[in-house]
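A structural walkthrough
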Amino acid sequence: MEQLTSSVRDLIVCFADGHVVEANKAALTRLGYKNLSDMTGVTPEALLVVGDDFDISSLSDGRNRSLRLRPRKGAAFAVEASLQKVEGVPNKVALIAHDLSLHMESADALSASESRFRDLVERSISFLCACENGIITYLNPAGLEMIGRKKLSKVVGKPFSNIVHEDYRALIDGGLGALSEEGDVIPMKFLYRSRKTIDVEVGVTPVGVVGAYMVQARDITRRLLSANRLREREECLRGIVDTVAEGIITTNTKGEIQAFNKAAERIFGYSQTEMMGASVNGLMTRSHSVRHNGFVKNYLKGGGRPLQGHARLLEGLRKDGTKFPLEITLSELRQGKEKLFTALVRDITERRKTEDALRLAQDDLERRVEERTQALTQEVAERRRIEESLRLTARVIEATSEGVVLTDPEFRVTSANPAFTRITGYSADEIMGKKPQFHTKLKRDKELYAQMLESIESKDHWEGEIWNKRKTGERYAQRLAISTIHSEEGEIHQYAVLVSDITQRKQDEERIRYQANYDALTGLPNRSSFLQSLNQALLLGKRQERKVILMFIDLDGFKLVNDTLGHELGDLLLTQAAARLLDCVRTSDTVARLGGDEFTICLTEICDEYDAPIVAQRVIDSLSQAFILKGQEAFVSASIGITTFPDDAENATDLLKHADAAMYRAKEKGKDNFQYFTADMNEEVKERLFMKNGLSNALERQEFVLYYQPKMGLETDGLTGVEALMRWKHPEIGLVPPGRFIPVLEETGLVVDVGVWILQEACRQHVAWIEQGLPPIRVAVNLSARQLRDTALIGIFEQVLKDAGIGPESMEIEITESMLMSDHGPVIKVLGALHEMGLHVAMDDFGTGYSSLSYLKKFPIDTIKIDRSFVADIAVDKDDAEIIRTIINMAQSLRRRVVAEGVEDAEQLQILRDYKCHEVQGYFFSPPMPAAEMNAYVLGLKTD
């Protein structure tokens, strides 16, 4: 028993006749007994902590139960135990217990280990990313920094492929599991801040759960850059060494050759491959190799100054066994701790011959010998130069990325470089002596082939582009440059053909052309492409004396769909709308998207101009049908402007401008209809252009001025404030009312800069009135929708008030209900900030919107201004009177103040007073007036 159970960690105790007879080592140790004799005879009741009704026989079914064991010393501990009969021994049972405290210790250790692991991950300087099913679930700080992101929330929950450059996303699309099976790091590129790229090495490891992986990455951008620079430097140095005329040989201290340049190959007749690692002694005769080795040995023993340019004469030995005089200049260099010798080797055979000839020649032959020697030297130099040039040319051809093919005059291939094989798939052996495939392709196009032959004959050169097939059958774009090589007699000796794969360039050009001419979202022609098509249609229409119809289409209600359902569903609606428009026209007609929700249709080959209304109504009916956007239903309508060539205009620019004007007239007529361009619209277009040109410099020329209309309190019959209203003093036409130029300011975006000027001028005037002795007058200014959506407005107000030296209680801002309907999110943020600043907020034109009352809860509104359209008929229209009474009662219950606009007579005033309206404004008291007149008006009120 002891031999079998001594190594078991579970506690095993055997009972016979109600007493302990055996126990393993784990049980003795855990229960505090020195040996078996101390424990023999102990009863189960002495070991178990159980209730009075416990019977050890209840464990006899063999199932595990939770118990507590009592050691001789110390606290009881928990176990899972079962009782099993001992085979072959009657009345003998074994209690087998598993100590649960061991699990608790393991759990504590595991928890501590997990904490340490998490700390290591957080502190790691490597990119560590956890993914499940391709989605990022965790990214450590070093990983965020590597990809240039600051917030983990911007990354977690997004596909891992989002941070991978598009060239490598195909790897990620295959699943991280496929990458983990590679078993090695994989080079790829990550996106840095979604714009730049970084080179990384990526390793993927499964984490146990199916679909869960840990991605590790290292930034190797700098390493690659350094490696490339070192490689370029090494290639440059190797090129320099290979181009010098002298042989250069490098050996270690044992005389083993480490480097052997091209000139050395030429001098000794050995290739570099043959000599690498060989002994330098093989390049000298035996006696001179002994002398050389002795010289090096003595130098190494002496430890004197390093050798620098020490020249010696030796006898060299070529591969073919010939001997020749050799001049060697030996220098020492170090590579780390390793000492090397570099020898500059010169074959001085010719020099020796020249020296011997000079010694034997007579004095009268010295001049001719010198001339001959000089000519010979030049000839050798020229020969070397030509040989080196040929070798360099051969190396360049071999290394170039473009295919180079040499053919005979019949266009049969005599030579082809490796790049030609890479491009076409045909090896040199397969095409040698045959006409290349591009020649066959050229001959099929007789006109192009004739042009090629004519150009070669007249210019000795031809260039062109064709589509060809590789050996695999794959089509690719090929650029050919064929040049003629003539013999010394002037005959055609060879053709040199440069073959380039320009498939990628062609694809890029096609993609650029498509992007430049077609809308990326709908696939329809864009503005540029449409104008080209329209101009062509006008030329054809003029030549054939036919009309051309242009329709300008704007989707009514699209902005509401875009803002409420989101831009993704808005884009989907535009895509479906484009498809519906195409269904409404013939294939000969053109549908284009100019931008946003604006489309155009050009109808050509029109036999009857009355066909245009039919097409326009077909478009309206089609677009009015419900759009199903990923399960959500949305509705829009269409406002269409129609213009005709040549009746309305004779060029594309004017036609488009007139169609746009007609479209705006359709919107003014209630939308969901079409309107033809008319002469009065042309005048409106001209006026709008006149206004636009004048407004562009009106602010700089100080042509704007503020008028002020008082607001009177019915509770006190006194002045409660003024509303600042802008006027434009045009130098030619005089004072321009706001209704004519405010829409143009909105359209051009000038309303932002003009809005800042209004704030500054209103604050300045408020201060001026105080300085003139008038009481503080709250000035209300109107905000545009564009201003209200810009969060910069908050800072503008703060700065303007600070510069004027007044508090926010001196100002009031007025907004229209339509502004609140357009874009809740930014509007709530800006209005809330301005209200918290202390500015009073009033809602103008109240009651003219769709759901006015609900906005009083959503937005920080202090005052409601009832629109003048209700006040005008309050004395004669019971409905208007009841609406005003309801608005006033509702506002009072919500603790909002009410201002009634457009009060023009005493009867209206009395009714509003009876309804307990707080304030009124209108011509009954005063029209808008300049600041100087406002001074007199206020003083008159004080006098009264």
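The residue numbering used here restarts from 1 in each chain and proceeds along that chain's sequence as written. This being a predicted model, a pLDDT of at least 70 is required before a residue's local features are given, and a value of 80 or more before pairs of side-chain atoms are given or counted; all residues contribute to the totals for chains, interfaces and linings. As a convention, hydrogens and water are excluded, and side-chain values are obtained from all of the structure's heavy atoms.

**Brief notes about the nonpolar core**
- Side-chain atoms within 4.5 Å are what join buried Ala, Val, Leu, Ile, Met, Phe, Trp, Tyr and Cys residues into a set we call a nonpolar core. Relative accessibility thresholds used throughout: buried, under 20% of the residue-type maximum; exposed, over 50%; partly exposed, between the two (1.4 Å probe, protein chains only). Residues Phe704, Tyr708, Met726, Phe741, Trp769, Ile884 and Leu912 are the most contacted members of the largest nonpolar core, which totals 76 residues.
- Top element by residues in this core is helix α27 (residues 751–771). It accounts for eight residues.
- Pairs of residues are marked as contacts when any of their non-hydrogen atoms sit within 4.5 Å. Aside from chain neighbours lying at most four places away, what touches Met726 is Phe704, Val705, Leu706, Pro738, Phe741, Ile742, Leu745, Val754, Trp757 and Ile758. In this text, helices come from DSSP runs of H or I with a minimum length of four residues, and strands from runs of E with a minimum of two, each type numbered from the N-terminal end.

**Concerning the sheet that holds strand β20 (residues 492–501)**
- For two strands to pair, DSSP has to find at least two bridges joining them. With respect to topology, five strands assemble into an open sheet ordered β17-β16-β20-β19-β18, the strand pairing being antiparallel. Taken across any chain shown, the strands that pair with only one partner, and hence form the sheet edges, are β17 (413–416) and β18 (461–469). Recorded for the sheet is a direction-independent mean angle of 25° between the axes of neighbouring strands.
- Where strand β16 (residues 403–407) lies against β17, three bridges are found, and the strand directions are antiparallel. Note on geometry: axes are lines fitted to C-alpha atoms, helical ones only across the stretch in contact, with angles between N-to-C directions running from 0 to 180 degrees.

**What about the packing of aromatic side chains?**
- Each aromatic pair joins two rings of Phe, Tyr and Trp (for Trp, the six-membered one) with centres within 6.5 Å, and gets the label stacked for planes under 30 degrees apart, edge-to-face for over 60, and tilted for any other angle. Across all of its chains, the model carries 12 aromatic pairs by this definition.
- With a centroid separation of 6.2 Å and 45° between ring planes, the pair formed by Phe704 and Trp757 is classed as tilted. Pair noted here: Phe704 is in strand β28 (residues 704–713) and Trp757 is in helix α27, with a separation of 53 residues, a long-range link.
- A relative accessible area of 7% means that Phe704 is categorised as buried.
- Linked through ring pairs, Phe704, Trp728, Phe741 and Trp757 together constitute an aromatic cluster.
- Two limits define a charge over a ring: the Lys NZ or Arg CZ must be within 6 Å of the ring centre, and within 35 degrees of the ring normal. The aromatic ring of Tyr476 is capped on one face by Arg470, whose charged end is 4.2 Å from the ring centroid.

**Some thoughts on the packing of helix α17 (residues 437–444) against helix α18 (residues 446–459)**
- Where α17 meets α18, the closest approach of the two axes is 5 Å, and the angle between their N-to-C directions is 115°. In terms of orientation, α17 lies roughly perpendicular with respect to α18. From α17, His439, Leu442, Lys443 and Arg444 reach across to α18, where they touch Lys446, Leu448, Tyr449 and Met452.
- Three categories are distinguished: nonpolar for Ala, Val, Leu, Ile, Met, Phe, Trp, Tyr, Cys and Pro, charged for Asp, Glu, Lys and Arg, and polar for the others, with Gly belonging to the last. The residue inventory of the contact of α17 with α18, partitioned by class, reads four nonpolar, one polar and three charged. For classification purposes, angles smaller than 35 degrees are called roughly parallel, those larger than 145 roughly antiparallel, those between 65 and 115 roughly perpendicular, and all remaining angles oblique.

**Notes on the environment of Ala634**
- In this fold, Ala634 is placed in strand β25 (residues 632–634).
- For the pair Ala634 and Ser624, spaced 10 residues apart in sequence, the C-alpha separation works out to 9.8 Å.

**Focus: the sheet that holds strand β1 (residues 11–16)**
- Judged by pairing direction, the sheet is antiparallel, and its five strands sit side by side in the order β2-β1-β5-β4-β3 without closing on themselves. A strand with exactly one partner marks an edge of an open sheet, and here the two such strands are β2 (19–23) and β3 (65–69). On average, each strand axis in the sheet is inclined to that of its neighbour by 40°, with strand direction left out of account.
- As judged from the seven bridges shared by strand β4 (residues 77–85) and strand β5 (residues 92–99), these two strands associate in the antiparallel manner. Within β5, the residue paired with Ala81 across the bridge is Ala97.

**Remarks on the confidence of the model for the chain**
- Per residue, pLDDT captures the predictor's confidence, and it can take any value from 0 to 100. Put simply, the chain has an average pLDDT of 82, and 85% of its residues get 70 or more.
- By mean pLDDT, the top-scoring element of the chain is strand β36 (residues 919–921) (95), and the lowest-scoring one is helix α1 (residues 2–5) (43).
- Within the model, the stretch residues 1–5 combines pLDDT values under 50 with five contacts to residues more than four positions away or in other chains.

**Focus: the pairing of β5**
- In this structure, β1 lies alongside β5, joined through six bridges in antiparallel fashion. From the neighbouring strand, Phe15 faces β5, where its bridge partner is Val93.
- Hairpin connection of β4 to β5: six residues between the antiparallel strands, including Gly88 at a positive phi of 85°.

**Points about unusual backbone geometry**
- A cis amide bond, omega 5°, links Phe645 with the succeeding residue Pro646.
- When you line up the elements, Pro646 lands in the loop between β26 (637–645) and α24 (652–668).
- The residue Phe411 is not glycine, and still its phi comes out positive at about 70°.
- Mapped onto the fold, Phe411 is located in the loop between β16 and β17.
- Residue Phe411 is classed as buried on the basis of its relative accessible area of 5%.

**Focus on a positive patch on the surface**
- On the surface, Lys150, Arg193, Arg195 and Lys196 cluster together into a patch of positive charge.
- When its relative accessible area of 79% is taken as the criterion, Lys150 is described as exposed. Any residue with relative accessible area above 30% and no salt bridge may belong to a patch, with like charges joined within 9 Å and the nonpolar Val, Leu, Ile, Met, Phe, Trp and Tyr side chains within 5 Å. Computed with a 1.4 Å probe, the accessible areas rest on the Shrake-Rupley method; for each residue, only the protein chains presented here act as cover. The term salt bridge refers to a pairing of a side-chain nitrogen on Lys or Arg with a carboxyl oxygen on Asp or Glu at a separation within 4 Å. Positive: Lys, Arg. Negative: Asp, Glu. His and the chain ends are not part of the count. Every charge is mapped to an atom, namely NZ of Lys, CZ of Arg, CG of Asp or CD of Glu.

**A few points about α18**
- A helix is expected to span 1.5 Å for every residue after the first. The first and last C-alpha atoms of α18 sit 20 Å apart over 14 residues, in line with the 20 Å expected at 1.5 Å per residue.
- Next to the buried residues of α18 lie α17, β18, β19 (475–486) and β20.
- One or two positions beyond α18, positive phi appears at Asp460, with a value near 60°.

**Thoughts on the pattern of salt bridges**
- Under the defined criterion, the tally for this structure stands at 34 salt bridges.
- We note a salt bridge from Asp554 to Lys667, for which the minimum N-O separation is 2.7 Å. On the criterion of sequence distance, the pair formed by Asp554 in strand β21 (residues 547–556) and Lys667 in helix α24 is long-range, its members being 113 residues apart.
- Its relative accessible area of 8% is what places Asp554 among the buried residues.
- Note on Lys667: relative accessible area 22%, which makes it partly exposed.
- In this structure, the salt-bridge partner of Lys865 is Glu723, at a minimum N-O distance of 3.0 Å. With Lys865 in strand β34 (residues 863–866) and Glu723 in strand β29 (residues 718–730), this residue pair connects regions lying 142 residues apart in the sequence.
- Taking relative accessible area as the criterion, Lys865 reaches 0% and is therefore assigned buried.

**Concerning the packing of helix α20 (residues 527–544) against α24**
- Where α20 contacts α24, the axes come no closer than 10 Å and their chain directions differ by 110°. Classified by the angle their axes make, α20 and α24 are roughly perpendicular. For the crossing formed where α20 meets α24, the hand is right-handed. Counted together, Arg527, Phe530, Leu531, Leu534, Asn535 and Leu538 of α20 and Ala652, Leu655 and Leu656 of α24 form the full contact between these two elements.
- Class assignment of the residues belonging to the contact of α20 with α24 gives a composition of seven nonpolar, one polar and one charged. Take the far helix as the reference: if the near one is turned anticlockwise from it by less than a right angle, the crossing is left-handed, and if turned clockwise, right-handed.

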